[in-house]
Amino acid sequence: MMVVANAVPDARAPAAEPVLRVRDLSVVFPPRRGAPAVRAVDGVSFEIAPGQTLGLVGESGSGKTTTGRAILQLQPASGGSVQLLGRELTTMARGEVRRMRRHMQFVLQNPYSSLNPRMTVGRILTEPLLVHRSVPKDRMAERVAQLLGFVGLEPDVVQRYPHAFSGGQRQRIVIARALAVNPDFVVCDEPVSALDVRTQAQIVALLHDLQQRLGLSYLFIAHDLAMVRNVAHRVAVMFSGQVVELGDTAQVFGQPGHPYTQALLDAVPIPDPARQRAKLAASPPDVEFRRGAAAAGPCCFGEDHARTGTPHWHWLGDGHGVSCRFRPESG
Ligand SMILES: Nc1ncnc2c1ncn2[C@@H]1O[C@H](COP(=O)(O)OP(=O)(O)OP(=O)(O)O)[C@@H](O)[C@H]1O
Ligand SMILES: [Mg+2]
């Protein structure tokens, strides 16, 4: 095992110049109404290569949405760096960030609240084109029709209002709106979790198809590990504001190096009950999980993990690493 103490995660990741490079990103929410400050994002680093998807997983409150918002400059960072297409966003003037928005877009979980009910689909899709002056006026209708085609909607829907559409169709409109400015990078924050299972599969297939056709890079935030396994080239596992494991999807799911990743994977129900029982008998997850500093694995984790010491990054293999607070720097 190769150990690089305090190395920046993903320092040796993809060969192509990344579309997005996040380094040591932190977001601290100040104390409010007696509640203490929250370090929602705590030293997060990763990269996303052109045309690739990084899946961001972790339990509720681990900081996934805040990470996405801080990358898009919708939430000020307390520290660290975000480079999009080689340009630093965190120190950029506001006007320039606004211009950079045509390269980075957001697709949110709830297609019901993210579309203005008083705007027709035509207006919803025209607005970003006007804001970014990316298409001449006489080409607008053509561009809107093209966007609708990208997401599998008929051109005549431009006259209709969001309420006339199903959840899946609305999410198609949200995706078309995100694509209007021809972005390089899209944050998809739980993009299908408000939809029924069949519609989920259709929207995931659509996102995949658009990635292939348009060369998009995605940060794909999701609870559903099975879905992330299907869509992501690489996966980052977040725990308590930090990335505790990062690697190619097959590595992270196949040989998880961090007990927290293992715990997340173990929470996925295995359809065959006999296999589930055999698995539990072979390795009682709770004991494994709490073994703490005595564990022989690359990271020992344990109850004090979030509170103790400075984490060290350990590379386990090519582009696959874990963070551990207990393991000695040289170990
Ligand atoms: N505007 C805010 N002010 C204060 N605290 C916040 C704010 N937004 C988020 N937090 C806190 O930051 C932490 C991370 O929240 P975040 O929404 O990023 O988690 P998440 O991983 O996206 O969770 P979920 O899976 O439930 O969407 C949580 O403790 C949350 O309560
Ligand atoms: Mg969230």
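Please read these numbers as outputs of a predicted model, since none were measured by experiment. (Residues numbered from 1 in each chain as written. Chains lettered and ligands numbered in written order. Predicted model: local features only at pLDDT ≥ 70, side-chain atom pairs only at ≥ 80, totals over all residues.)

Asker: Give a detailed account of the site of ligand 1, specifying residues and quantitative values.
Answerer: Residues in contact with ligand 1, as listed here, are Phe29, Val38, Ala40, Gly58, Ser60, Gly61, Ser62, Gly63, Lys64, Thr65 and Thr66. Among the elements of the structure, strand 2 (38–48) and helix 1 (64–71) are those that each provide at least two residues to the shell around ligand 1. When residues in the shell around ligand 1 are grouped by element, the largest group, three residues, is from helix 1. Residues of the shell around ligand 1, tallied by class, amount to three nonpolar, seven polar and one charged. (Near = placed C-beta within 6 Å. Helix = DSSP H or I, 4+ residues; strand = E, 2+ residues; numbered from the N terminus. Nonpolar A, V, L, I, M, F, W, Y, C, P; charged D, E, K, R; others polar.)

Asker: Which residues make up the sheet that holds strand 8 (residues 217–221), and what values go with them?
Answerer: The strand order across the open sheet built from eight strands is 6-7-8-3-9-10-12-11, with neighbouring strands paired in mixed fashion. Edge positions in the open sheet fall to strand 6 (104–107) and strand 11 (312–317), since each of these has one partner strand only. Along the sheet, successive strands turn relative to each other by an average axial angle of 20°, direction set aside. Summarising the sheet, strand 6 and strand 7 (residues 185–189) pair through four bridges and their orientation is parallel. Looking across to strand 7, one finds that valine 107 is bridged to cysteine 188. The sheet contacts of helix 1 involve strand 3 (53–57), strand 7, strand 8 and strand 9 (234–239), and relative to strand 8 the element is tilted by about 150°. (Pairing = 2+ DSSP bridges. Axes fitted to C-alpha atoms, helices over the stretch in contact; angles between N-to-C directions. Contact = placed C-beta atoms within 7 Å.)

Asker: Can you tell me about the nonpolar core, naming the residues and giving the values?
Answerer: Ala176, Leu219, Phe220, Ala236 and Val237 are the most contacted members of the largest nonpolar core, which totals 75 residues. The element that contributes the greatest number of residues to this core is helix 5 (residues 167–179), accounting for six residues. In this view, alanine 176 contacts Leu125, Leu147, Leu148, Phe150 and Val151; residues no more than four positions away in its chain are not counted. (Core = buried A, V, L, I, M, F, W, Y, C linked by C-beta atoms within 7 Å. Buried ≥ 20, exposed ≤ 12 C-beta atoms within 10 Å, placed from the backbone.)

Asker: Give a detailed account of the environment of histidine 314, specifying residues and quantitative values.
Answerer: Among the secondary structure elements, histidine 314 is positioned in strand 11. With 24 C-beta atoms packed within 10 Å, histidine 314 lands in the buried category. Separated by 57 residues in sequence, histidine 314 and glycine 257 have C-alpha atoms that sit 9.7 Å apart.

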